[in-house]
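What follows is the residue order along each chain.
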Amino acid sequence: LTGLENRMVDVEGRLTGVEERVTGVEERVTGVEERLTGIELTLENRTNRNIQFLAENHITLIEKLNASIELQKSVMYMM
């Protein structure tokens, strides 16, 4: 019976070790989830808005360039 008790104590010790490791993994996963949420918010609130802003300004520049080209063509045609 003592051998069985020793084995049970060993199993309980191992189980406690596993529980501690699982708790550690859960804490790390929680930290990763929080960081991921922060990254997602940054993408939504900053990066996507800045990309949209650049795209809108790019369109404006293309329109101005096209108008300038048309003006240059009309000036060249008058000469």
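**Some remarks on the overall build of the chain**
Per the secondary structure count, the chain includes one helix and zero strands. Computed over C-alpha atoms, the radius of gyration of the chain comes to 33 Å, more than 25% over the 12 Å expected from 2.2 N^0.38 for 79 residues, which places it beyond the range of a compact globule. Taken along the three principal axes of its C-alpha coordinates, the chain extends 110 × 15 × 5 Å. About 7700 Å² of surface is accessible on the chain, with carbon and sulfur atoms providing 61% of the total. Here the chain holds 9 positive side-chain charges and 14 negative ones, and the gap between their average locations is 9 Å.

**Focus: the pattern of salt bridges**
According to the stated counting rule, one finds two salt bridges in the structure shown. For Glu-70, the salt bridge identified is with Lys-73, shortest N-O distance 3.9 Å. Of this pair, Glu-70 and Lys-73 both sit in helix H1 (residues 2-78), three residues apart, which is roughly one turn of the helix. In this structure Lys-73 comes out as exposed when scored by relative accessible area, which is 52%.

**Focus on a nonpolar patch on the surface**
Taken together, Leu-1, Leu-4 and Met-8 make up a surface patch of nonpolar side chains, about 360 Å² in accessible area. One can find Leu-1 in the segment before H1.

**Topic: H1**
Under the 1.5 Å per step criterion, the end-to-end length of H1 is 111 Å for 77 residues, consistent within 8% with the ideal 114 Å. A bend of about 40 degrees at Leu-43 is the largest found in H1.

Reading the values: the criteria
Residues numbered from 1 in each chain as written. Predicted model: local features only at pLDDT ≥ 70, side-chain atom pairs only at ≥ 80, totals over all residues. Heavy atoms only, no water. Helix = DSSP H or I, 4+ residues; strand = E, 2+ residues; numbered from the N terminus. Rg over C-alpha atoms; globule rule 2.2 N^0.38 Å. Areas by Shrake-Rupley, 256 points an atom, 1.4 Å probe, with all protein chains shown as cover. Lys, Arg positive; Asp, Glu negative; His and termini not counted. Charge placed at Lys NZ, Arg CZ, Asp CG, Glu CD. Salt bridge = Lys/Arg side-chain N within 4 Å of Asp/Glu carboxyl O. Buried < 20%, exposed > 50% of the residue type's maximum accessible area, 1.4 Å probe, protein only. Patch = residues over 30% accessible without salt bridge, like charges linked within 9 Å, V, L, I, M, F, W, Y side chains within 5 Å. Expected span 1.5 Å × (residues − 1). Bend = angle between axes of the 7 residues up to and from the residue.

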